[in-house]
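# Survey of secondary and tertiary structure
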Amino acid sequence: MRFAPLSLLISLSLLSFTTVAQDTNTVTAIENDITLKQADFDSFTDVLNKHLKDESQQQHQLDLLRARSTKLEKEKNQALDAMNALYRRLIEDPSLDISDTKLRYQNAVDSHKTNKEDIAMQLASIAAHRKDIEKIRIDRHSLLNTLEGLKEQKNTARVERLRNEFNRDGTLEIQNTINCKRTETLAACEQRGQHLGMQKATKRFLDQVFANLTEIRLVEPKRNSAGARVQVLNSHVVSNGFSGHGNYDVNLSVTMRGEANNSRLCHLLNLDNRFCSEYSSSFQSVYSPQESSNFTGNVRFSDPVTASKTYPKTEKKSQTYSKPVVDVIQEPEIAYTHELTLRSNVHDDEVFIDGVSYGSTRLSVELPVGIHDIEIRKLGYSSYKKTLNLRKAQTLKARLVKNKAPVVSKPAVETLISNLSVPGMVVIPAGSFEMGDITGNGLANERPVTKKILSDSFAMNSKEVSVAQYNSFVIETNYVTEAESGKGCAYYLNGEPVWEPSLNWKNPGYEQADDFPVVCLTYNDAKAYADWLSSTTNNEFRLPNEVEWEYAARAGTSTDYSWSNDIGSNQANCGWCGSEWSNKSSSPVGSFSANQFGLYDMVGNVWEWTQKTAGQSDVAVRGGAWNFAPSLARASTRLILSTEFRANYIGFRLVKER
C-alpha cells in the first residue's frame with residue numbers, strides 16, 4: 001500500500017485561541033504579581049532582619065548600661081560612706097575641708113542619675129523598636145499568605161489554560177491517496193481511503209494541539225497518559241476520484257475539537273489533584289486517533305459515495321454531507337480502554353491510579369489496557385495497594401484495615417489516664433522525630449532540621465479549646481480578655497490584618513457555635529485559661545512547647561501533612577483546601593479526621609499558640625488557619641508573633657504535665 005504525502009492546509013484556526021490567549025495573560029499577570037510580592041516579601045525580610053539586629057544591639061547597650069548602673073551604685077555608696085566619715089571628723093575639727101569629698105559624692109549621684117535616665121530612654125527606644133518589629137512581622141506574615149495565595153491562583157489558572165488549550169476547535173484540510181487492493185471493491189477502497197484520511201486528520205490535529213500547549217515541555221513526556229482525544233464536529237469531501245492506476249484520491253475538510261481527560265490535567269502539570277476538583281471526572285468516548293497499524297474503529301459516513309466501476313479521476317467540488325457521523329466501534333478483544341470500578345469498605349477514602357488522585361470510592365473510570373498501580377488511602381488505615389493488569393472491564397473490591405494505636409508503655413498510660421480529670425485529652429507516646437523542614441518546602445525559620453527526643457509521654461487536648469470551654473472559665477472567674485479591654489481583635493481583609501474594636505472571642509466576625517474553636521485571644525488569655533484549669537483540677541496544664549506540638553502534629557510521619565505531602569481536597573479547613581469553611585470561617589472542632597495520635601485540626605482551622613521560650617519576647621503559632629494558604633499549614637510551619645497579638649484565626653490547645 002502506498003501513501004502520498006499529506007498536504008496539510010492547517011487552517012488550525014483554533015477557534016478558542018482568544019480564550020487561550022486570555023488564559024495565558026491571566027497566568028502571566030499572576031506570575032508578575034508573584035514576582036512583585038516576592039520582592040516585597042524579600043524586602044520585608046531584609047528590613048525585619050535589620051530591625052532584629054538593631055534590637056540585639058540596643059539590648060546589648062541596655063545590658064552595658066545596667067552593668068554600669070551597678071558600678072555607679074557602688075561608687076555612690078562608697079562616696080557617701082567617705083563623706084559621712086568626714087562629717088563625723090568635722091564635729092571634732094570644724095576647720096576640716098570636706099569639699100573634695102562632697103564633690104566626689106555629688107558626681108557619683110549625678111552619674112548614677114544620668115545612667116538611670118539613659119536606661120529609661122533605652123527601654124523606651126527598645127519598646128518603640130519592638131512595636132516596629134511586631135508590625136513588620138505581621139505585615140510580612142500577611143504578605144507571605146498573599147504570596148502563597150497567588151501561587152494557588154496561578155496553579156488553578158494553569159489548569160484552566162491547559163484545559164482550554166486541549167479543548168480547541170479547528171479545521172484541517174488534507175489530501176490522501178491510497179492504492180486499491182485487487183480483492184476489494186471500489187466502494188470498499190473509497191471507504192478505506194476516507195477512513196485513513198480521517199484517521200490521519202485526527203492524529204495530526206492532536207499533534208498540533210500538543211505542539212501548541214504552553215507547557216508542552218512538562219506535558220509531552222506524559223502524553224500517553226493524558227487521555228487526550230479528538231471529537232469530529234463536521235467533515236465533508238472536497239474532492240475525490242479514482243485514477244486509471246488503481247489509486248483513490250480524496251481531499252477531506254474536517255472540523256474537530258480536542259478534549260482531555262479533566263481528571264488527569266493536574267497529573268500532567270505535576271499538581272495536587274485538588275486544583276482539578278472543580279472539573280468532572282467523567283469522560284465521554286470520542287474519536288481517539290491511532291496509527292493505521294493498530295486502529296480498530298470502523299468509520300461510517302451518513303451519506304457515503306458509492307462506486308461500482310472504474311472511471312477516470314474526477315473532482316467533486318465541496319461535496320458536503322448534511323450530518324457527518326464518525327462512530328468508533330471498539331472491538332472487545334483488542335479495545336484500548338476498559339472500565340475499572342473500585343469499591344472499598346470505608347467512606348471518605350482517596351483513590352490513586354498510577355500516582356494520580358481520582359477521588360473517592362465508589363469510582364468508575366476508563367483506563368488504557370495494561371499495567372496500573374492502584375492505591376486507596378484513608379487517614380488512620382493501612383493503604384490498600386495492588387498492581388493490576390487491566391485486560392477487560394473489572395470491579396475491584398478493596399478492604400482497608402484500621403491502624404493499631406501507637407504502642408505506649410502500660411504504666412505510663414495508666415498513670416496519665418488515672419490523673420486525667422479533663423475530658424477530650426489523648427495520650428501522646430514518648431518517641432523521637434526529625435523537627436523542621438524535612439521536605440524542603442518550608443521557610444527559613446524551619447531550618448536546620450534537628451532530631452528531637454521526647455523521653456516521656458504526655459497528654460494533649462484532642463481538639464482545640466472550644467468557645468463553650470472558654471466560656472466556663474469566664475463565667476467562673478469574670479475574666480476579661482485583652483481584646484475586650486483593649487482595641488479589639490484583628491481580622492483578615494484584602495491581605496492584611498485589620499483591627500476591629502467590636503471583635504472578641506464572643507463575636508469574632510463570623511457565625512460560631514459553642515463547638516467552634518475559641519479565637520481572638522492573646523497568649524496571656526490562653527495562659528490564664530490554663531492556670532485556671534490547673535487550679536480547678538489540681539493538675540498542671542500549659543500550652544505545648546514547639547517540640548511537643550510538632551511531634552504531635554506529625555504523629556509518626558515525616559511528610560508536610562500527617563497523610564502526605566499534598567493537602568488534598570476537603571481534608572482540612574484552610575484557604576483553598578476545598579472545605580465548606582475555607583476562606584470563610586473556622587469550623588467546628590473535630591470536623592475532619594484525626595491524625596494517627598487521635599488529634600484533630602492539627603492542620604488548619606486556627607493557628608495555635610505555643611509556650612514562650614525563656615528569654616524570648618515573641619511566641620510561635622503553629623498549624624495554619626481557615627484563611628491561610630495550605631503551604632502554611634504544614635507540620636513544620638512557624639509564624640512568630642507578639643504575645644499581645646490576637647486575631648479571629650488564632651486559638652490554642654493545652655497539654656497536661658505528668
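None of these values were measured; they are calculated from a predicted model. (Residues numbered from 1 in each chain as written. Predicted model: local features only at pLDDT ≥ 70, side-chain atom pairs only at ≥ 80, totals over all residues. Heavy atoms only, no water.)

### Description of the overall build of the protein
- The number of helices and strands found in the protein is ten helices and 26 strands.
- Contacts in the protein between residues at least 24 apart in sequence constitute 71% of all its contacts with a sequence separation of at least 6.
- On the protein, roughly 32100 Å² of surface is accessible, and the fraction owed to carbon and sulfur atoms is 48%. (Helix = DSSP H or I, 4+ residues; strand = E, 2+ residues; numbered from the N terminus. Contact = heavy atoms within 4.5 Å. Areas by Shrake-Rupley, 256 points an atom, 1.4 Å probe, with all protein chains shown as cover.)

### Thoughts on the packing of aromatic side chains
- What the rule picks out here adds up to 22 aromatic pairs.
- Judged by centre distance (5.2 Å) and plane angle (35 degrees), the ring pair of F473 and Y479 falls under tilted.
- For the ring pair Y510 and W626, a centre distance of 5.4 Å and an interplane angle of 80 degrees mean the geometry is edge-to-face. With Y510 in the loop between β20 (496-500) and α9 (523-537) and W626 in the loop between β23 (618-622) and β24 (638-642), the pair connects residues that are 116 residues apart, well separated along the chain. Assigned by exposure class, Y510 and W626 land together as buried.
- Each member of the aromatic cluster is reached from another via a ring pair, and the members are Y470, F473, Y479, W505, Y529, W532 and F652. (Phe/Tyr/Trp six-rings, centres within 6.5 Å; stacked < 30°, edge-to-face > 60°. Buried < 20%, exposed > 50% of the residue type's maximum accessible area, 1.4 Å probe, protein only.)

### So, the sheet that holds β23
- If you walk across this open sheet you meet the four strands as β24-β23-β22-β25, and the pairing is mixed. Two strands lie at the open edges of the sheet, namely β24 and β25 (650-651), each paired on one side alone.
- As paired strands, β23 and β24 are joined by five bridges and run antiparallel to one another. Among the inter-strand pairings, R622 is bridged to a residue of β24, identified as R638.
- Sheet contacts for helix α2 (residues 99-166): β23 and β24; angle to β24, the most-contacted strand, approximately 145 degrees.
- On top of the sheet, helix α10 (residues 546-554) reaches β22 (607-609), β23 and β24; it is set at about 5 degrees to β23, its chief contact. (Pairing = 2+ DSSP bridges. Axes fitted to C-alpha atoms, helices over the stretch in contact; angles between N-to-C directions.)

### Overview of the environment of T114
- For T114, the location among the structural elements is in helix α2.
- A relative accessible area of 40% places T114 in the partly exposed class.

### Some details on the nonpolar core
- Counting 55 residues, the largest nonpolar core has Y470, Y529, W607, W609, Y649, I650 and F652 as the members making the most contacts within it.
- Secondary-structure elements contributing two or more residues to this core are α1 (17-92), α2, α7 (467-477), β19 (489-493), α9, β22, β23 and β24.
- The dominant element in this core, judged by the number of residues it contributes, is α9, at seven residues.
- Apart from residues no more than four positions distant in its own chain, I650 is found in contact with V518, V519, C520, L521, V606, W607, W609, V621, L641 and F645.
- Among the nonpolar cores identified, the runner-up in size contains 37 residues, and L196, A201, A226 and L269 belong to it. (Core = buried A, V, L, I, M, F, W, Y, C linked by side-chain atoms within 4.5 Å.)

### Some remarks on the state of the cysteines
- Counted under the stated rule, the structure contains four disulfides.
- Each disulfide pairs two cysteine sulfurs, and for C180 the partner residue is C189, the sulfurs being separated by 2.0 Å. Disulfide C180 to C189: torsion about the S-S bond roughly -85 degrees, handedness left-handed. Comparing C180 with C189 shows no difference in burial state: the two are buried. (Disulfide = S-S within 2.5 Å.)

### So, the pattern of salt bridges
- Evaluation of the coordinates by the stated rule reveals 30 salt bridges.
- For E152, the salt bridge identified is with R274, shortest N-O distance 2.7 Å. Remark: R274 occurs in the loop between α5 (265-268) and β5 (319-320) and E152 occurs in helix α2; sequence separation between them is 122 residues.
- The class for E152 is buried, based on a relative accessible area of 8%.
- According to the relative accessible area criterion, R274 is buried, its value standing at 13%.
- Salt bridges sharing partners connect three or more residues here, namely E546, E550, R554, R622 and R638. (Salt bridge = Lys/Arg side-chain N within 4 Å of Asp/Glu carboxyl O.)

### Regarding the packing of α7 against α9
- At a minimum axis distance of 11 Å, the contact between α7 and α9 shows a crossing angle of 75 degrees. The pairing of α7 with α9 is recorded here as roughly perpendicular in orientation. Seen from α7, the contacting residues are Q469, Y470, S472, F473, E476 and T477; seen from α9, they are D525, A528, Y529, W532 and T536.
- Taken together, the residues of the contact of α7 with α9 break down into five nonpolar, four polar and two charged. (Parallel < 35°, antiparallel > 145°, perpendicular 65-115°, else oblique. Nonpolar A, V, L, I, M, F, W, Y, C, P; charged D, E, K, R; others polar.)

### Observations concerning α9
- Here α9 contains 15 residues, and its C-alpha end-to-end distance of 21 Å stays within 8% of the 21 Å for a straight helix at 1.5 Å per residue.
- Among the residues making up α9, those that are buried are Y523, D525, A526, A528, Y529, A530, W532, L533, S534 and T537.
- The inward-facing, buried residues of α9 contact α7, α8 (482-485), β21 (541-542), β22 and β23.
- One or two positions beyond α9, positive phi appears at N538, with a value near 60 degrees. (Expected span 1.5 Å × (residues − 1).)

### Regarding the sheet that holds strand β13 (residues 394-398)
- Read from one edge of the open sheet, three strands run β9-β6-β13, paired in mixed fashion. Two strands close off the open sheet at either side, each with one partner strand: β9 (363-368) and β13. Between one strand axis and the next, the sheet turns by 30 degrees as a mean value, whatever way the strands run.

### Considering empty space enclosed by the protein
- According to the stated counting rule, one finds four cavities of 30 Å³ or more in the structure shown.
- Considering only enclosed or pocket space, the largest cavity measures out at about 100 Å³ in volume.
- Around the largest cavity sit 15 residues that line it, and W563, S593, D601, M602 and V603 are the ones nearest its centre.
- Estimates place the volume of the second largest cavity at around 80 Å³.
- What lines the second largest cavity is a set of 13 residues, and nearest its centre among them are H141, F628, L641, F645 and Y649.
- Counting only elements with at least two residues in the lining of the second largest cavity, the list comes to α2 and β24.
- A per-element tally of the lining of the second largest cavity places α2 first, with three residues. (1 Å grid on protein atoms, 1.4 Å probe; cavity = no way out; pocket = protein on both sides within 12 Å on 5 of 7 lines; lining within 4 Å. Points joined across faces, edges and corners; volume = space filled by probe spheres on them.)

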